[in-house]
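# A look at the structure
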Amino acid sequence: MKLKGAEILLQCLKQEGVDTIFGYPGGTVLPIYDALYDSDIRHILVRHEQGAAHAADAYARVTGKTGVCIATSGPGATNLVTGIATANMDSVPMVCFTGQVVSPLIGRDAFQEADITGITMPITKHNYVLERTEDVPRLVKEAFYVASTNRPGPVVVDLPKDFMEREIEYEPYNSEINLRGYRVMKGCNYGQVVSAAELINKSERPVIYAGGGVIASEAAEELRQLSEKRKIPVTTTLMGMSAFPSSNYLSLGMLGMHGTRYANYAIGECDLLIAVGVRFDDRVTGKIAEFAPHARIIHIDIDAAEIGKNVDVHIPIVGQVKEVLQAINKRIETIEEFTEWHQIIDRWKAEYPLRYGASSEGRIMPQHVIEKISELTQGEAIITTEVGQNQMWAAHYYKFKNPRSFVTSGGLGTMGFGLPAAIGAKVACPDRPVIDIAGDGSIQMNIQELGTAVAYKIPVIVCILNNQYLGMVRQWQSLFYGGRFSYTDISSQPDFVKLAEAYGAIGMRVKNTQEVDNALREALKVTDRPVVIDFWVDRMADVYPMVAPGESLLNMLGEE
Amino acid sequence: MKKHTLAVTVENRPGVLTRVATLFRRRGYNIESLAVGATENPSISRMTIVVTGDDKIIEQVSKQLYKLVDVIKVVDITEERLVERELILIKVKADPNVRSEIVQLVEIFRARIVDIGKNTLIIEATGDSGKMEAIEDSLKPFGILELVRTGKIAIVRGPGHSI
Ligand SMILES: Cc1ncc(C[n+]2csc(CCOP(=O)(O)OP(=O)(O)O)c2C)c(N)n1
Ligand SMILES: [Mg+2]
């Protein structure tokens, strides 16, 4: 059968199980779009390529499948860059196809030529330039394999237009993976597992510090078993937030810069730290020399390079988190009793709960909005966030029940992530409510994606916690720069209700605490278009507790 | 902080050198020298990378290199019995009255004179890094006009493979 490169590409994507692509057309991807015209792969036309990357990323985060996006060469490809870096920092499996100018023109500064493989080298797990049409099946196969195995990450495949146009003889076949430089990790070191189990059985004040690796490895159940068998309190990173039910007695919530007091105190006092699928990020550890000072540390991660990168550990175990936890769980003894350790933690929890005061301006407290969202959706929604205070409050006050429910840009902290991510998540999980907890600054960075949601009748809910500030930056200016609010007042802003309506979405404005519940109920009923709720919240509310950057976790700001 | 010699086998593909160089730059590792070329197997290239750092840094370098899909194997051969060589070309000022002195030096180092100009000589030498430095030092007083070095390549002695 004679087929064009572009047609072969789509066949290969179907072989990989791809059902949805987020993208935006242009000159060099015309052959691919022409093939898409006849294909049953669903293509979601976004309004900006960054939106395509974030939507594909979120699609991957909520399903565990590999997300796919496509953009044209030059500006289309460079518009993907922030989205690729976001996925890379959070280890999300994603394959991005970019158009490229015809091969004879590469390197001659042709119209809309950009060296996207060069640009994305440091922010991808791997990338490719197609060198001939015949290589399409191999490249697609390798790209999905590399993106989705071991520590997942984004892969870029650059496709010169002439190779997509060219017809070759092609029969579908299953090409073999032959990558001598890349092996999928299987199993783990038995001796290390035994030593880890021994330490766990012996320890009196253990804490589990769980991250995104638990979710990526589908190991939430194994984590719960480990915790419950040994009655080990669990604190999670921002990326690990939904890996352990917030309502579980053993949950300590988040740790780190905006961690709960009890989580950070537990880190300070524990004698054993079981670090699972984490990378000891500076936002988590604070002053590294004073992180878990009394603890032996077990570090479980798929990525050997994470072991010893930031912190020296006593028992490193490299492997799939799920497999390693299963092996450890087999070797630990169940205990029935809670101990003095739990009493200490209970006391901290009672003394230092997450809390917030009333608004001095008589406005809605942003934390209340999230508590309401949590209550009305019973912790079953998919929550995406923007970046800033909105993101931290979402992590603090939403009571997650299931893994893959919290979609947030943790590593890169990308403002503008939440709305396109909500679209990607809703496309993947149409039966679950999907809510973007947004800031008034961030939402303006990809607001155009309302157009996408309206066009495809995607009923996501955007809850803007509108403080008319770049709130998190304003908070740092309050704390560390003497309250000099240099360029963080954004009270000159569009009327978000009218803006929503202009796009064909539903817009609501909520100024009173009493109206919060009703507005959310109304929004949750909508099934055929997006809803934007503009909550006018307290302008000066801050995120507490907080550890100043580089300080010890025990040195927390905010009322005790 | 110590110099380590890494033997790195990589796919012989475009972009591999950039990937490795980008990695070193991004993570702030210190490359002393990097030499790359084809091997007995045309699909594989071999890099010899000399990098300074303590053991922890070298371990990170090696692990980060392994994460590159095109990197097949990384071996720290610093402690092995090695044959290591570097090639140096030095253009040195050589007025007639000092020429014989330079020729003598060249002989002592078992180097070679590969070009004779009106007032210059070009000297070629191979050897380990110590010898390269010694020859450079000895020629300095005459006035070095230009100097190029290839960076070290190395191979483990005996029947064992470096890789
Ligand atoms: C693309 C991008 N630019 C700048 C920043 C720095 N930054 C972090 S939080 C923040 C303020 C966000 O404001 P808003 O969306 O209103 O959220 P709030 O903190 O007020 O909830 C800024 C500017 C960032 N994280 N991302
Ligand atoms: Mg704001």
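Basis of the calculations
Residues numbered from 1 in each chain as written. Chains lettered and ligands numbered in written order. Predicted model: local features only at pLDDT ≥ 70, side-chain atom pairs only at ≥ 80, totals over all residues. Heavy atoms only, no water. Domains from an automatic or database assignment. Contact = heavy atoms within 4.5 Å. Buried area = accessible area lost by both parts, 1.4 Å probe. Salt bridge = Lys/Arg side-chain N within 4 Å of Asp/Glu carboxyl O. Polar contact = N/O pair within 3.5 Å; in protein donor to acceptor, adjacent residues only side chain to side chain. Axes fitted to C-alpha atoms, helices over the stretch in contact; angles between N-to-C directions. Helix = DSSP H or I, 4+ residues; strand = E, 2+ residues; numbered from the N terminus. Parallel < 35°, antiparallel > 145°, perpendicular 65-115°, else oblique. Left-handed = near helix turned anticlockwise from the far one by under 90°. Nonpolar A, V, L, I, M, F, W, Y, C, P; charged D, E, K, R; others polar. Pairing = 2+ DSSP bridges. Buried < 20%, exposed > 50% of the residue type's maximum accessible area, 1.4 Å probe, protein only.

### Side note on the domain arrangement of chain A
Residue and element names in this part refer to chain A.
- Domains assigned within chain A are domain 1 (2-169), domain 2 (190-351) and domain 3 (366-543).
- With 15 residues of domain 2 at the contact, the number on the domain 3 side is 20 residues.
- Carbon and sulfur atoms make up 65% of the area that domain 2 and domain 3 hide from each other, which totals about 1400 Å².
- Interface area lost by domain 2 to domain 3 is led by Leu238, Ser242 and His258, which between them contribute 42%.
- At the boundary of domain 2 with domain 3, the tally comes to one salt bridge.
- Two residues, Arg404 and Glu218, come together in a salt bridge whose shortest N-O distance is 3.0 Å.
- Joining domain 2 to domain 3, the criterion identifies six residue pairs in polar contact (both at pLDDT 80 or more).

### What about the packing of helix 10 (residues 220-230) of chain A against helix 13 (residues 321-330) of chain A?
Residues and elements named next belong to chain A.
- Two numbers describe how helix 10 lies on helix 13: the axes approach to 9 Å, and their chain directions differ by 30 degrees. Between helix 10 and helix 13, the angle is such that the two are roughly parallel. Every pair of crossing elements has a handedness; the one defined by helix 10 and helix 13 is left-handed. Taken together, the residues of helix 13 that come into contact with helix 10 (itself represented by Glu222, Leu223, Gln225, Leu226 and Lys229) are Lys322, Leu325, Gln326, Ile328 and Asn329.
- Here the contact of helix 10 with helix 13 is composed, by residue class, of four nonpolar, three polar and three charged.

### Description of the sheet that holds strand 9 (residues 206-210) of chain A
Residue and element names in this part refer to chain A.
- Here we have six strands laid out as an open sheet, ordered 11-10-9-12-13-14, and parallel in their pairing. In this open sheet, the two strands that pair with only one neighbour each are strand 11 (251-254) and strand 14 (315-318). In this sheet, neighbouring strand axes are inclined to one another by 15 degrees on average, regardless of whether the strands run parallel or antiparallel.
- Summarising the sheet, strand 13 (residues 296-301) and strand 14 pair through four bridges and their orientation is parallel. Following the sheet pairing, Ile298 is matched in strand 14 by Ile315.

### Regarding the side chain of Gln100(A)
Residues and elements named next belong to chain A.
- Inspection of the secondary structure assignment puts Gln100 in strand 5 (residues 94-100).
- A residue is classified by how much of its surface remains accessible, and Gln100, at 4% relative accessible area, is buried.
- At a separation of 3.1 Å, a polar atom in the side chain of Gln100 contacts the main-chain carbonyl oxygen of Ala114.
- Dropping the residues within four chain positions of it, Gln100 is found in contact with Thr28, Ser73, Ile106, Glu113, Ala114, Asp158, Leu159, Pro160 and Lys161.

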